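Each chain is listed here by its residues.
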Amino acid sequence: MKRRQFLGLAGLTGAVGVIPGLSFGFPRLDLEAAPGLEPLELSEAEWRERLSDEAFDVLRKAGTEPAFSSPLDKEWGDGEYRCAGCDLLLFTSEMKYDSGTGWPSFFEHVEGHMLTELDFKLVWPRTEYHCARCGGHQGHVFEDGPEPTGLRWCNNGVALRFVPAESS
């Protein structure tokens, strides 16, 4: 844990004792990369050459695209959602649902292809997730999703690439 994250957590923990009913409402996930998954490490210049400005901002700088701006939010075809940075499979169309938030949302992810960390950018802690191969920021996971997991993997569309299923 980074020092600034620890200090932020310590300050928020103190606030919990002072303000009744205040609690940390974020999923605590301990994910591990799939065995044999080789990290992809590129220089900033190589990432800038590979990605659009919008994708670079989200994937490499943990930015957020505007809600309802991604065509992937309304994509309902059969297929796969892959990391726009390294093409690692992150979600399938069977994992997707309409959360009404304006971002592509999923109730499950491909095991071993995501990692998480605490994000304190908005002061209140959130669970950020990123691609296990390239480290590209994808979005945040929340505990307000549908069954069977109860999770909402809220993803930036610009951080994904949709690959339609092959026609038979």
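Residues numbered from 1 in each chain as written. Predicted model: local features only at pLDDT ≥ 70, side-chain atom pairs only at ≥ 80, totals over all residues. Heavy atoms only, no water.

Per an unreviewed UniProt entry, the protein chain carries the name peptide-methionine (R)-S-oxide reductase and comes from Vreelandella titanicae. In its Catalytic activity (unreviewed entry) section, the UniProt record describing the protein chain reads: "L-methionyl-[protein] + [thioredoxin]-disulfide + H2O = L-methionyl-(R)-S-oxide-[protein] + [thioredoxin]-dithiol". (UniProt positions renumbered as here; feature names shortened; annotations may be inferred.)

Enquirer: Can you walk me through the nonpolar core in this structure?
Expert: One recurring pattern in soluble globular proteins: nonpolar side chains tend to sit buried together. Residues Cys-83 and Phe-91 are the most contacted members of the largest nonpolar core, which totals 29 residues. Those elements giving two or more residues to this core turn out to be helix H3 (53–61), strand S1 (79–83), strand S2 (89–92), strand S6 (126–131) and strand S9 (160–164). With sequence-adjacent residues up to four places away left out, Phe-91 is seen in contact with Glu-80, Tyr-81, Phe-106, Glu-108, His-109, Val-110, Met-114, Tyr-129, Trp-153, Asn-155 and Leu-160. (Core = buried A, V, L, I, M, F, W, Y, C linked by side-chain atoms within 4.5 Å. Buried < 20%, exposed > 50% of the residue type's maximum accessible area, 1.4 Å probe, protein only. Helix = DSSP H or I, 4+ residues; strand = E, 2+ residues; numbered from the N terminus. Contact = heavy atoms within 4.5 Å.)

Enquirer: Explanation requested: the side chain of Arg-82 in the structure shown.
Expert: Its location among the elements puts Arg-82 in strand S1. At a separation of 2.9 Å, a polar atom in the side chain of Arg-82 contacts the side chain of Glu-80. In contact with Arg-82, not counting residues within four places along its chain, are Asp-87, Leu-88, Leu-89, Leu-90, Ala-159, Leu-160, Arg-161 and Val-163. (Polar contact = N/O pair within 3.5 Å; in protein donor to acceptor, adjacent residues only side chain to side chain.)

Enquirer: I'm lost on the pattern of salt bridges in this one. Help?
Expert: Proximity of charged atoms lets side chains of opposite charge pair with each other. Under the counting rule described, the total for this entry stands at five salt bridges. Here Arg-82 and Asp-87 are joined by a salt bridge, their closest N and O atoms 4.0 Å apart. The closest approach of N and O atoms between Asp-144 and Arg-152, which form a salt bridge, is 2.8 Å. On the accessibility criterion, Asp-144 (48% relative accessible area) is partly exposed. Connected via shared salt-bridge partners are Glu-80, Arg-82, Asp-87 and Arg-161. (Salt bridge = Lys/Arg side-chain N within 4 Å of Asp/Glu carboxyl O.)

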